[in-house]
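Close look at the chain arrangement
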Amino acid sequence: MRWTALLVLMGVALAQPLRLEQGWVRRVPGDVTAAYMVLYNPGDRPVRIVGASSPIASRVEFHQTTRGGHDHHADLSAMRRVAALVVPARGRLEVLPGGYHLMLYGLREKNPRPLQEGQRVAITLRLEGGGSVTFSLPVETR
Ligand SMILES: [Cu+2]
């Protein structure tokens, strides 16, 4: 590899404030679904995520499940909206079933057909201070 290309790649890696360690969008037949992810912050300051968006959804919110075991959203009282998510310095934020999730609304409006297993979905996270990161997550039935 030429040095210029390597330096460009290093620059991209250094500029990325968050790394996606795992993530998926749940495949559902309905109009609403959830996305899960594990994020790592390699920096020495916490990273605050203040918003999210996706081309497959009209609106994305951060939610926290407030009662154990629930992750299917049949009982809306079992989750609450949170304003922001924080990834600690040199640490992880787990957005996983039973804890936090990203709630994606308006799937029918944004997608000509239901989400398919294996389809990739872009999720953009807006960071405090003006930056953003976009990750590609697979649609999975789990
Ligand atoms: Cu929710």
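This text gives an overview of the structure that appears in the document.

Concerning the overall build of the chain
Within the chain, the secondary structure is distributed over two helices and 10 strands. Scanning the chain from its N terminus toward the C terminus, one meets helices and strands in the order α-β-β-β-β-β-β-β-β-α-β-β. For the chain, with 142 residues in total, the buried portion stands at 23%. Within the chain, counting contacts between residues at least 6 apart in sequence, those at least 24 apart form 64% of the total.

Comments concerning the nonpolar core
Counting 26 residues, the largest nonpolar core has Ala35, Leu102, Leu104 and Ile123 as its most contacted members. For this core, the secondary structure elements donating two or more residues are strand S2 (33-41), strand S3 (47-53), strand S4 (59-65), strand S7 (91-95), strand S8 (100-105), strand S9 (120-127) and strand S10 (132-140). With five residues, S2 is the largest single contributor of residues to this core.

Focus on the environment of Arg80
Within the secondary structure, Arg80 sits in strand S5 (residues 79-82). Classification of Arg80 as exposed rests on a count of 11 C-beta atoms within 10 Å. Residues Arg80 and His63, spaced 17 residues apart in sequence, show a C-alpha to C-alpha distance of 5.4 Å. Ignoring sequence-local partners within four residues, the contact set of Arg80 consists of His63, Gln64 and Thr66.

Here is what the cut-offs are and how they apply
- Residues numbered from 1 in each chain as written.
- Predicted model: local features only at pLDDT ≥ 70, side-chain atom pairs only at ≥ 80, totals over all residues.
- Helix = DSSP H or I, 4+ residues; strand = E, 2+ residues; numbered from the N terminus.
- Buried ≥ 20, exposed ≤ 12 C-beta atoms within 10 Å, placed from the backbone.
- Contact = placed C-beta atoms within 7 Å.
- Core = buried A, V, L, I, M, F, W, Y, C linked by C-beta atoms within 7 Å.

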